[in-house]
Amino acid sequence: MSKKMKRRDFMITSAAAGVTIAATRVKGSPVAPTMLIPAAVQPVVVSSANGNRFKNRGNMTAVHKAFSMITKGEDVLDSVIAGVNIVELDPLDDSVGYGGLPNAEGVVQLDSSCMHGPKKRAGAVGALEGVSRPSLVAQSVLENTDHHLIVGKGAQDYARSMGFKIEDDLNTENSRRQWLEWKRRIDPQHYLDPAKRAEAGHRAALEMLAEGLLREENMHGTINCDGINSKGEICGVTTTSGLAWKIPGRLGDSPILGAGLYVDGNVGAAGSTGRGEANLYNLCSFVIVEEMRRGAHPKDAGMEVLKRIKANTIEKRLLKADGNPNFGINFYILNAKGEHAGVSMYATKYAMCNENGPQTLDTEPLLPGKPGD
Ligand code: ASP
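Residues numbered from 1 in each chain as written. Predicted model: local features only at pLDDT ≥ 70, side-chain atom pairs only at ≥ 80, totals over all residues. Heavy atoms only, no water.

A. A look at the sheet that holds strand S12 (residues 340–346). Taken in spatial order, the 5 strands of this open sheet run S9-S10-S11-S12-S15, and their pairing is mixed. Two strands lie at the open edges of the sheet, namely strand S9 (261–264) and strand S15 (364–367), each paired on one side alone. Across the sheet, the mean angle from the axis of one strand to that of its neighbour is 15°, orientation sign disregarded. By the bridge criterion, 3 bridges tie S12 to S15 in an arrangement that is parallel. Across the sheet, Ser-344 pairs through a bridge with Pro-365, a residue of S15. The strands touched by helix H10 (residues 284–293) within the sheet are S9, strand S10 (268–274) and strand S11 (329–335), with S10 carrying the most contacts at an inclination of about 150°. Across the face of the sheet, helix H11 (residues 298–312) comes into contact with S11, S12 and S15 while running at roughly 20° to S12. (Pairing = 2+ DSSP bridges. Helix = DSSP H or I, 4+ residues; strand = E, 2+ residues; numbered from the N terminus. Axes fitted to C-alpha atoms, helices over the stretch in contact; angles between N-to-C directions. Contact = heavy atoms within 4.5 Å.)

B. Main features of unusual backbone geometry. Positive phi values are uncommon outside glycine, yet Asn-56 reaches one of about 45°. In this structure Asn-56 comes out as partly exposed when scored by relative accessible area, which is 23%. Of note, Arg-57 is a non-glycine position whose phi angle comes to about 65°, a positive value. Summarising the element assignment, Arg-57 is placed in the loop between strand S3 (44–48) and helix H2 (62–71). Look at Arg-57 and you get exposed, because its relative accessible area is 78%. (Buried < 20%, exposed > 50% of the residue type's maximum accessible area, 1.4 Å probe, protein only.)

C. Representation of helix H6 (residues 173–186) within the structure. The end-to-end C-alpha separation of H6 is 20 Å, in line with the 20 Å expected for 14 residues at 1.5 Å each. Restricting attention to buried positions, one finds in H6 the residues Ser-175, Gln-178, Trp-179, Trp-182, Lys-183 and Ile-186. Across the axial projection of H6, the buried residues extend over an arc of 135°, all falling on one side. Within H6, the exposed residues directed more than 90 degrees away from the buried face are Glu-173, Arg-177 and Arg-184. (Expected span 1.5 Å × (residues − 1). Arc of directions from axis to C-beta.)

Written out as structure tokens, the structure reads:
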């Protein structure tokens, strides 16, 4: 048997047994250690729960679409973006893309980021108006520019110049009705001083949640979707309309690399939904990937950042009577072996698709109870 054959046999045996090949590290080298690289991986896609809920009148959810493209050999980033496009265009999801709940002035402003593991490239847009699928504009930034993040009017001008259709208004009847109801509650005399207005805005949103007009996951709401193919290529995307009735121009975590999304092609991917400010403060997706680089399982890496968020949440307005955070925050994580996890501050769901088809699974919560109890 030739040397070449022996090497090939080793690769096949390794793949079958799920054995990994360690990357070498020179002792004392300042270079970050590289995680074990799998010889072969079972493809998998993970996302927030809306990735296995909305179909935009088609026959596939986001995770299903992404998985079916990945297993046909399509680029992993193209696949996860085609998945989230379904949710961006579905008017029934009022937390993402077309029909996303607007900002305080009634204007839908969208954020998105994406990262391509093998190409080591990234692109993002923030506070983008008039383009229903911001993830495609983020991908265009990744592919066509030297930049990683373009925001506001610049992002819209960029999208227009790249041939994206700019819509006058991305509100749907539902998102406009919700905004009008909120506005009516906070602005009965048309003007309030800014402090009172912010307080009234928060109170009105809580009342609308309590009355069942709004769902917590849509006050905050986003889709993150990450995938890996059989070659171990990892990509991810996050796209959102952000926090409902935010101050115009507010960027959440979704367009910020290391917060709403982080991918290292040799290590894994992590993305988030939930209170963006908590994630921005702690740059959790980056930290999760670094934890995995040091060998942590996706679930343990996620738990680590949830503990950090809890420890860094000390303002009374953000705490429940029991001293725990009064908000939800969730992470969707996969590593280069195809192991994955959904973790959250309080119990919720996440979506996953593998060879057994699309599934909705329970996340691993850090704390018992709910954000609002
Ligand atoms: N993380 C998003 C933001 O803060 C919203 C969400 O997912 O709930 O903009």
